[in-house]
Each structure stands twice: as C-alpha cells, then as structure tokens.
Amino acid sequence: MADVVDLTPAHCDALLRFFADLPEGDRTFIRDDVTDAEVVRGWAAGGTPGTRRWVAVEDGGSAGDVVAGYVAVLRLPGWSDHVGEVRLVVAPGARGSGLGRALARHALVQAVEAGLTKLVVEVVAEQGAALALFTDLGFTGEALLVDHIRDRDGHLRDLMVLAHHVGDTWAGMSAVGLPEALGEPS
Ligand SMILES: CC(C)(COP(=O)(O)OP(=O)(O)OC[C@H]1O[C@@H](n2cnc3c(N)ncnc32)[C@H](O)[C@@H]1OP(=O)(O)O)[C@@H](O)C(=O)NCCC(=O)NCCS
C-alpha cells in the first residue's frame, strides 16, 4: 500500500501526472483547475492558509514517485472556520484496495487534531464507494441537493452532503484509543 504523506514541492510533478491521467469526471471532485501546473505548485509550496493536503505515494522505480491518491481538508472561512471540507480522489487503477479509506482516515484524524469540530464532504449520490467509505468513518447524510450537478453526458445528478460532527463523540472515541484503531498516532 502507498504511503500517505504531506504534500511537498517534491511531489509536484507526480501529482500533476496523477491529475492529468484522471478521467475528467473525477477531476471535478477537486473543483480547482488541477491541470494548471501553477495551481498545483502553489498548493505544494504551502499555498492556502488553513488547508492541509496529503498524497499517497508509491515508489515508481526509475520513473520516480507515483501519486496514487490525494486528499485535502479545506477550512471554511469566517463564521464556519470550525468546519473542514474534505476532497478525496484515488487513481482508477488503485481503487478497491483500501487506499481511499486510508486517505480519508488520515485526513479525519489530522483535521480533528488541528481543532476542526465538523467535517463535510460532497459525494455524488450514486457513488457507492465514497458513501460506504465516509459512512464507515462516522459521516452521516446532512443534505441532499437534488439535480445539483450535471455529469459528462449532461444528465442531472443528486449531490449528497455528508457530515462528521467531531465534538464530544471524538473526545470519547479518542479516550478509547480510536486514533490508534484508525492506524494513526494519538
Ligand atoms: C471514492 C474513492 C476515493 C474510493 O477510493 P478506493 O481506494 O477505491 O476506496 P477503498 O478501496 O478504500 O474502498 C472503500 C469502500 O468503498 C466500497 N467500494 C470500493 N469499491 C467499490 C465499488 N466499485 N463499488 C461500490 N463500493 C465500492 C467498499 O465498501 C470499500 O470498503 P471495503 O474496504 O470494506 O471493501 C474513489 O472511488 C474515487 O476517487 N472516486 C472519485 C472521486 C470521489 O467520488 N471522491 C469522493 C468525494 S470528494
């Protein structure tokens, strides 16, 4: 399994290759224009205050590092600055082996440690893998935005907002060692 590490400038080219190789529909989950090298370089350079980004990196031998997945937590501004929005994507060829779960867990633990008390993620209603993964981590449905997005063929799709309320629940879970159970240092 790939290592989950903080995004640094050393990962920039590998991350650009990862985004370029993604199907266009998957790229839209990230929202920013990730085909723009300047955008990705800005992220790697430390970019936006309040935003944390991680990559799942595999050793590609002589080809250098290969990025197999990406996750970010973006702290919302102003009166919602206790809330973080999760954005997650795994390379199609690396799916189904637990990497998405590992990235989401890592982001959740780090976000809680950074003091965020609520996390949200937007998933397309039919995205079984994303729903299963976030639900297992304690996210629940908070809003259903009907006909909110158009897929590549122009069909309307529902978008679900899932939320994880950290608060007392996490304090309790932390006391019983959930960070260790999730494979993270407490
Ligand atoms: C959602 C996504 C990140 C999952 O990545 P992944 O590496 O395949 O995830 P995992 O292998 O950890 O699988 C997580 C769970 O999803 C489910 N799952 C995996 N592949 C599935 C599939 N093809 N169909 C339905 N469920 C599936 C399983 O329940 C799995 O749990 P398990 O480990 O108990 O079997 C990936 O599909 C993706 O990048 N999708 C496009 C972007 C997206 O939807 N992002 C989420 C919102 S930002």
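Look up a bit, the structure's there.
The structure displayed is predicted, hence computed values, not measured ones.

(A) Layout of the site of the ligand. Around the ligand, the structure places 21 residues, and the nearest of them are Leu88, Val90, Gly96, Gly98 and Arg101. One nitrogen or oxygen atom from the main chain of valine 90 is found 2.8 Å from an oxygen atom belonging to the ligand. Here glycine 98 contributes a backbone N or O atom positioned 2.7 Å from an oxygen atom of the ligand. Burial of the ligand by the protein amounts to 70% of the accessible area it has alone, namely 930 Å². Of all elements in the fold, only strand E4 (83-90), helix H4 (99-113), strand E5 (118-124) and helix H5 (128-136) reach the threshold of two or more residues within the shell around the ligand.

(B) Structural detail: the side chain of arginine 53. Relative to the elements of secondary structure, arginine 53 occurs in strand E2 (residues 51-59). One polar contact links arginine 53 to tyrosine 70, side chain to side chain, over a distance of 2.8 Å. With sequence-adjacent residues up to four places away left out, arginine 53 is seen in contact with Asp6, Leu7, Trp43, Thr48, Tyr70, Val71 and Ala72.

About the cut-offs
Residues numbered from 1 in each chain as written. Predicted model: local features only at pLDDT ≥ 70, side-chain atom pairs only at ≥ 80, totals over all residues. Heavy atoms only, no water. Near = heavy atom within 4 Å. Polar contact = N/O pair within 3.5 Å; in protein donor to acceptor, adjacent residues only side chain to side chain. Areas by Shrake-Rupley, 256 points an atom, 1.4 Å probe, with all protein chains shown as cover. Helix = DSSP H or I, 4+ residues; strand = E, 2+ residues; numbered from the N terminus. Contact = heavy atoms within 4.5 Å.

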